[in-house]
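Remarks on the overall topology
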Amino acid sequence: LLLENRLIKQHKPPGNIRLTRRDERLCYIRCRLDIPFPILEVASEPAAGHAVTIGPLRGRRLAQELVEQLDSLFGLRHCGRRLKLRQHPSAYGQMGRCLSPCLGDLDPNLYRRRLDEALRLFVTGGDGGARLLAHVRRQMREAAGAQQYERAAWLRRRMRRLSVILERLGGALEATHARARLIMAPHPIDRDRHDAFWLVGGRVVDWGPAPEDEGGLEERTQLALRRGGWAGELGAHVPPDEVDELRIIATYLASHPDLQELALEQRRLSQMAAL
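Residues numbered from 1 in each chain as written. Predicted model: local features only at pLDDT ≥ 70, side-chain atom pairs only at ≥ 80, totals over all residues. Heavy atoms only, no water.

Digging into the sheet that holds strand β6 (residues 203–209)
- Read from one edge to the other, the open sheet built from four strands follows the order β6-β5-β4-β8, with strand pairing classed as antiparallel. Of all strands in the sheet, those with a lone pairing partner are β6 and β8 (260–263), marking the two edges. Here the average twist between neighbouring strands, direction ignored, is 15°.
- Contacting β5 (194–200) and β6, helix α1 (residues 2–11) runs over the sheet at an angle of about 110° to β6. (Pairing = 2+ DSSP bridges. Helix = DSSP H or I, 4+ residues; strand = E, 2+ residues; numbered from the N terminus. Axes fitted to C-alpha atoms, helices over the stretch in contact; angles between N-to-C directions. Contact = heavy atoms within 4.5 Å.)

A few points about the sheet that holds strand β7 (residues 236–238)
- Across the sheet, four strands lie side by side as β2-β1-β3-β7; this open sheet has antiparallel pairing. The strands lining the two open edges of the sheet, one partner per strand, are β2 (41–43) and β7. Put simply, the sheet's adjacent strands are angled 50° from each other on average, direction ignored.
- For strand β1 (residues 26–32) and β2, the ladder comprises three bridges, and the chain directions are antiparallel. Residue R30 lies in a different strand from β2, and its bridge partner there is E41.
- Contacts between helix α8 (residues 243–255) and the sheet are confined to β1, β3 (49–58) and β7, with β1 contributing the most and set at about 130° to the helix.

Examining the pattern of salt bridges
- Enumeration according to the criterion identifies 14 salt bridges in this entry.
- Note that R30 and E41 form a salt bridge whose closest N and O atoms lie 3.1 Å from each other. With R30 in strand β1 and E41 in strand β2, this pair connects stretches of sequence that are 11 residues apart. Just as R30 is buried, E41 falls in that class too. (Salt bridge = Lys/Arg side-chain N within 4 Å of Asp/Glu carboxyl O. Buried < 20%, exposed > 50% of the residue type's maximum accessible area, 1.4 Å probe, protein only.)

Description of the nonpolar core
- Formed by 44 residues in total, the largest nonpolar core has its most connected members in I29, L40, L66, L73, F74, L119 and L132.
- Here this core takes eight residues from helix α6 (residues 149–169), the largest share from any one element.
- Not counting residues within four places of it along the chain, the set of residues in contact with L73 comprises L132, V136, W154, L155 and L162.
- Ranked by size, the runner-up nonpolar core spans 11 residues in total, among them A196, W198, V200 and A224. (Core = buried A, V, L, I, M, F, W, Y, C linked by side-chain atoms within 4.5 Å.)

Structural notes on α6
- For α6, with 21 residues, the first-to-last C-alpha span of 30 Å sits near the 30 Å given by 1.5 Å per residue.
- Within the span of α6, buried status applies to A152, W154, L155, R158, M159, L162, I165, L166 and L169. Down the axis of α6, the sector holding all buried residues measures 150°, keeping them to one side. Opposite the packed face of α6, turned more than 90 degrees from it, sit the exposed residues Y149, E150, R160, E167 and R168.
- Residues of α6 that are buried sit in contact with β3, α2 (60–74) and α5 (128–145).
- One or two residues past the end of α6 sits G170, with phi positive at roughly 70°. (Expected span 1.5 Å × (residues − 1). Arc of directions from axis to C-beta.)

And the structure:
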């Protein structure tokens with residue numbers, strides 16, 4: 001699929017209207033960081049530019065409900081990308097579930113701190129859903145300790161619903177750029193051959209037949225890490241013409257959970273050779 005995608009871009013055949021087939025059951029939670037007071041949104045495609053993309057996820061309705069829960073927990077905007085100034089706070093603002101940047105007097109740094117706190121649950125690798133539940137549980141205990149029993153009860157209801165949402169979504173929730181990885185995929189015909197995919201900063205920075213020698217694997221890994229650039233940052237920068245590649249590889253990984261992979265930050269040559 002990656003080869004087909006790149007050949008279509010290179011040759012621009014008139015018969016191809018869409019670059020690649022896509023699984024309409026999958027969606028993404030994404031946050032573009034290059035707009036004022038960024039929002040979480042559910043979309044069919046990963047985000048281009050400076051952004052955080054979480055997924056792919058199965059179930060658009062559940063993903064949308066998860067976004068609503070995150071917005072309310074962290075006081076993020078529930079409205080669209082365009083921020084309309086208001087004379088009075090929205091219903092979410094009146095309920096204390098939004099910081100109300102629409103009033104025009106909110107410190108952008110405060111909003112960004114809340115947003116970063118939410119996004120970091122999913123960009124440090126591993127299961128962001130488990131970290132989200134731990135965050136809500138910690139807040140619930142703090143509220144109970146401060147004798148804020150109504151808030152503690154509200155958080156308990158949120159945690160119960162979040163547990164259901166996360167269980168139905170299935171899998172570990174993490175940003176697509178969360179971990180620089182080397183993926184080893186068996187060739188569909190030649191079972192003695194593996195293809196290697198280097199995923200760094202949310203991008204497919206290199207792929208092809210896996211090098212047979214340890215030195216070749218290390219050299220290509222070092223080049224891939226330098227090419228990826230933004231690995232480890234809160235947001236990744238994915239060029240617009242590479243978004244479809246990100247979708248292709250993310251969909252493939254979602255349907256092949258047993259593939260061998262190695263986190264490149266903690267790699268050892270002996271481990272890579274053993275793959």
